[in-house]
Amino acid sequence: MRDAQPQSIYLKDYCQPEYWINQTELTFELQEDATVVTAVLTLEANNAGNQSGVLELQGQQLELLQLALDGTTLAADAYTVTDDSLTITGLAQQHQLSIVTRIDPAANTALEGLYRSGGMYCTQCEAEGFRRITYYLDRPDVMSVFTTHIIADGERYPVMLSNGNCIADETLADGRRQVSWLDPHRKPAYLFALVAGDLLHKEDHFTTMSGRDVTLRIFVEPQNIDKTEYALDALKRSMRWDEEVYGREYDLDIFMIVAVDDFNMGAMENKGLNVFNSSCVLANPATATDAAYQRIEAIVAHEYFHNWSGNRVTCRDWFQLSLKEGFTVFRDASFSADMHSATVKRIEDARMVRTVQFAEDGGPMAHPVQPDSFIEIANFYTVTIYEKGAEVVGMIHKILGADGFRKGSDLYFERHDGQAVTIHDFVAAMEDANGIDLTLFKRWYKQAGTPVVSAEVDYRADEQALYLTLRQQCPDTPGQTNKQPMWIPVQLGLLDANGQDLPVQVTPSVNAAGMETWTAASQVLHLTEAEQTFVFSGLESQPVLSLFRDFSAPVKVEFEQSAQDLLFRLQHDSDGFNRWDAGQRLMLGWIDQARLDEFELPEDARQVMAELLSDDTLDPAMVSYLLTLPSEAYIAEFSDQVDPHAIHLGRQRVRLAMAMALNEQFAACYQRLLSHAEYQPEPQQMAARTLKNLALSYWSVASDAGVRQALAQFGSSDNMTDQMAALQALICSGDDELAQQSLEAFYQQWQNDALVVNQWLSVQAGSADLGTLSRIQQLLEHEAFDWRNPNKIRSVIGAFANQALCHFHAQDGSGYRLLADAVIRLNATNPQIASRLLTPLTKWRRLVPALSEQMKEQLERVAAQPDLSRDVYEIVSKSLA
Ligand code: BES
Ligand code: ZN
């Protein structure tokens, strides 16, 4: 909470710290009413700092009990304490500073620092939570060897964990137990972790490529012990994959994961002791959907991969956040692509970038992958840092090829092991290992906004040549105008009349960066100027162009292609991603038409879709994506002015038209994929279930037989994927009583499983059929709801505001008011969650005028609240600016 307006922090102001902390020894006494923390810091002056002898440590919500320098208690006039700092002056080169503070984990509702969740203690220190544990140089370029002693009642807290290896376990004279841990790897404070509780664990082992044995343990509350198997398996597969694909081996004797119920994010990569939101690690077939399994696999991998991309090589400052997050998302995406279908993974990622990241890039919070300023770093764990950052790394991979990229990553890890570095260092390693100049490419890190690439084709029969003119332009974003052209890899293909790929011959041959414009192996054209014309020769007739295959760059594409060409590409494009993209563009056109009038599925499209549904040689997951309509949020990103009600109407009409025209095919597809094999969370089964349940969702829209089948599946399935899909189909059936009965039965069945209850909450709150304001209010009053638990808040309020768009955008503004009320309430208890919930309200400028005004009013109401946290203040003030 603040007195003055929060100030921005700038990348250009970065300077090194005045002291290093070479050793950090922490002792935690976990008592019932409070926790006492003793920190002993070994300080050494940084000779590159300005050597004023002044040390300013960060600290928040701490009660300072004692302060001693080299064994002597400091007099009160030898230091200054403020709300967020402790400053000591007159220091020499080396000291031992010991600090005793008292904190109150039970009162910590912000879930940053040390807090209680259920019966256990746990920590969340990234980005700036460690300063809520003790006074410290809480910045990632200060790396230290940590020793941790945990003292507590051994009966109540039989498990006491911290980073590294356990070095002692003793009983103290007073009967309390003390467990000590040493992490030999130097690390920044944000990677520190502590957990204590009455937990059980499942154990496994992994032999690294150099033959070392690593113990793997997943710790959970006792009721969840049957939900750890999949995460352990995903962990072993991640460890193997990182050895095989990146040559990276694990570096401690033990790797631990702890599941906690109250967690602001998905999971955290603390050295040797990852802490996970229970929703992102716990699963068994009866309670977790295939989507949840896939998410668990990806997050386990992501946090594990950080051990190299984030921990061994960390960030110099938080402006470099994408150095670890963008790269690690790229790594986990490649892993998921290898475990399942690469095409499907690419589709999912592109869909996410287009709906969420493009929206951020076009809104008030637009920022570069390497931002140049922020008010609150917690607000910058964004889709731009993560997803666009991963796309940028992916483009480097496209430019260098797999072998070149590996040479670059090897050099990066070798050169910077044990250091805190910058995005520039990462790119420099890629350049040096490949003898290539990426100066131009680095604009991707500095310029915010989504580039728009327009394409114009001119086929000249007399020359047997196709002239392709590409123009790029990047819109202004807050604080940034007049952007420079980017280096955009354009993967493309040319289709002949039979849908076969034609050989490609292009001129000119060299681009502005001195690189060949056409890389045959990856089928990539390198666009580097504002406008360039490429000539494709040797074409006897006009080909159909397939642009930006594999979503080769995170850009918007303006290219008029006829419905006929789109349908042709949906049928024939050899690039799976672009098959999907062609289908989506076709459907967007239909939805646009259907806003104004009834809609009937064109016969040629009906035939192509019918063929897709009956073709059992195709990957069923792929077919499912090809036939899934773009979400309302995705459609909104393709509209200039957003009218959520028109979008909803248009989409519903197209959905109904598809359901009716393909009713028999959906029914037959469902029957064909119905399986009685025992549930396994493995790729082939998952893919089949995806298509089966998509078929059910259409089938049950158009016919009673479909609804009956949904009811049968709801009652008989042995796994949550099928049960939840059936429940969703019943909710959409239009039979309110049936929907209500099913929801009640579901709750009765699962009321004791918190993670399933969260799914039950969100399926209602996020539903166009059910997510009305009055139901949201009911859910907020329900016994299963809890304002202190981020997962519950996301399940109800997050689902409502991000998915039930026709209700959130109620004409009377009541949906916006509800969200603003929630933000105001959470601002006081959990600012990070409050600020994240705000995102939908930041989009007011793009809405139709009547809604836009109402939304803005609610933002203004939030802005006018006293005691806004920095988190919420930054989002509302930038949104209204
Ligand atoms: N380092 C983050 C967790 C984090 C984020 C901590 C923000 C503090 C503030 C972690 O590696 C992460 O990125 N987690 C993601 C999931 C991942 C699969 C993208 C998350 O928590 O959503
Ligand atoms: Zn991460």
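Chains are numbered independently. Their residues run from 1 in the order of the written sequence. For naming, the first written chain is A and the first written ligand is 1, with later ones following in the order written. A pLDDT threshold of at least 70 governs which residues receive local features in this predicted model, and a stricter bar of 80 or more applies before side-chain atom pairs are shown or counted, although totals over entire chains, interfaces and linings include all residues. Only heavy atoms go into the side-chain values, all of them from the structure, while hydrogens and water stay out.

**Student:** Requested: an account of the site of ligand 1, with residues and values cited.
**Tutor:** Whether a residue is near a molecule or strand depends on its heavy atoms: it is near if one of them lies within 4 Å of it. Around ligand 1, a shell composed of 15 residues is seen, among which E126, G266, E269, E303 and Y386 lie nearest. By the criterion applied in these results, polar contacts are pairs of N or O atoms within 3.5 Å in which, for protein atoms, one can donate a hydrogen and the other can accept it, and in which residues neighboring in sequence qualify only through two side-chain atoms. Side-chain polar atom of H306 to an oxygen atom of ligand 1: 2.9 Å apart, as the coordinates give it. Accessible surface area values rest on a Shrake-Rupley calculation with a 1.4 Å probe, where residue burial reflects the displayed protein chains alone. In isolation ligand 1 offers 520 Å² of accessible surface; the protein chains occlude 89% of this area. Secondary-structure elements contributing two or more residues to the shell around ligand 1 are β20 (267-268), α2 (290-305) and α3 (321-339). Numbering of helices and strands runs from the N terminus, with a helix taken as a DSSP run of H or I at least four residues long and a strand as a DSSP run of E at least two residues long. The element best represented in the shell around ligand 1 is α2, accounting for 3 residues. All amino acids are sorted into three groups, where Ala, Val, Leu, Ile, Met, Phe, Trp, Tyr, Cys and Pro are nonpolar, Asp, Glu, Lys and Arg are charged, and the leftover types, Gly among them, are polar. For the shell around ligand 1, the per-class residue count stands at 6 nonpolar, 4 polar and 5 charged.

**Student:** Mind laying out unusual backbone geometry, listing which residues take part and the relevant values?
**Tutor:** Going from E126 to A127, the amide bond is cis rather than trans, its omega being -5°. By secondary structure assignment, the location of A127 is in the loop between β11 (120-124) and β12 (144-152). Here the amide bond leading from T507 into P508 is cis, since omega sits at 0°, within 30 degrees of zero. Secondary-structure assignment places P508 in the loop between β29 (506-507) and β30 (518-519). Backbone geometry places F548, a non-glycine residue, at a positive phi of 55°. We classify F548 as buried; its relative accessible area is 4%. Buried means the residue's accessible area, taken with a 1.4 Å probe over protein chains only, is under 20% of the maximum for its type, while exposed means over 50%, and partly exposed covers the values in between.

**Student:** Would you mind going over the sheet that holds strand β34 (residues 556-558) in detail, with residue names and values included?
**Tutor:** Pairing is mixed in the open sheet, where 5 strands are placed in the order β29-β32-β26-β25-β34. Unpaired on one side and paired on the other, β29 and β34 mark the two borders of the sheet. Only strands joined by at least two bridges in the DSSP assignment are considered to pair. Across 3 bridges, the pairing between strand β25 (residues 452-460) and β34 is parallel. For V453, the partnering residue across the bridge sits in β34 and is V557.

**Student:** Can you explain the nonpolar core? Please cite residues and give values.
**Tutor:** To define a nonpolar core, start from buried Ala, Val, Leu, Ile, Met, Phe, Trp, Tyr and Cys residues and group those joined through side-chain atoms within 4.5 Å. With 283 residues, the main nonpolar core has F426, I488, L525, F536 and W590 as its most contacted residues. When residues in this core are grouped by element, the largest group, 12 residues, is from helix α5 (residues 383-416). Residues within four places of F426 in sequence aside, it is in contact with L323, F327, V393, I396, Y412 and Y445. When checking whether two residues touch, look at their non-hydrogen atoms; a contact exists if any pair is within 4.5 Å.

**Student:** Describe empty space enclosed by the protein, and please don't skip the residues or the numbers.
**Tutor:** Throughout, the protein atoms alone are placed on a 1 Å grid, and a set of points is a cavity if a 1.4 Å probe fits but cannot get out or a pocket if it is open with protein on both sides within 12 Å along at least five of seven lines; lining residues have an atom within 4 Å of a point. Grid points are joined across faces, edges and corners, and a volume is the space filled by probe spheres set on the points. For the structure shown, the criterion picks out 3 cavities of 30 Å³ or more. Considering only enclosed or pocket space, the largest cavity measures out at about 140 Å³ in volume. As for the largest cavity, its lining consists of 16 residues, and the residues nearest its centre are L547, V557, R569, D581 and R585. Taken together, the elements giving at least two residues each to the lining of the largest cavity come down to α8 (563-572) and α9 (576-594). Across the lining of the largest cavity, the residue classes tally to 10 nonpolar, 2 polar and 4 charged. Considered as a void within the structure, the second largest cavity measures approximately 50 Å³ in volume. Considering the residues around the second largest cavity, the lining is formed by S322, L323, G326, F327, G389, V393, I423, F426 and Y445. For the lining of the second largest cavity, the secondary-structure elements that each account for two or more residues are α3, α5 and α6 (423-434).

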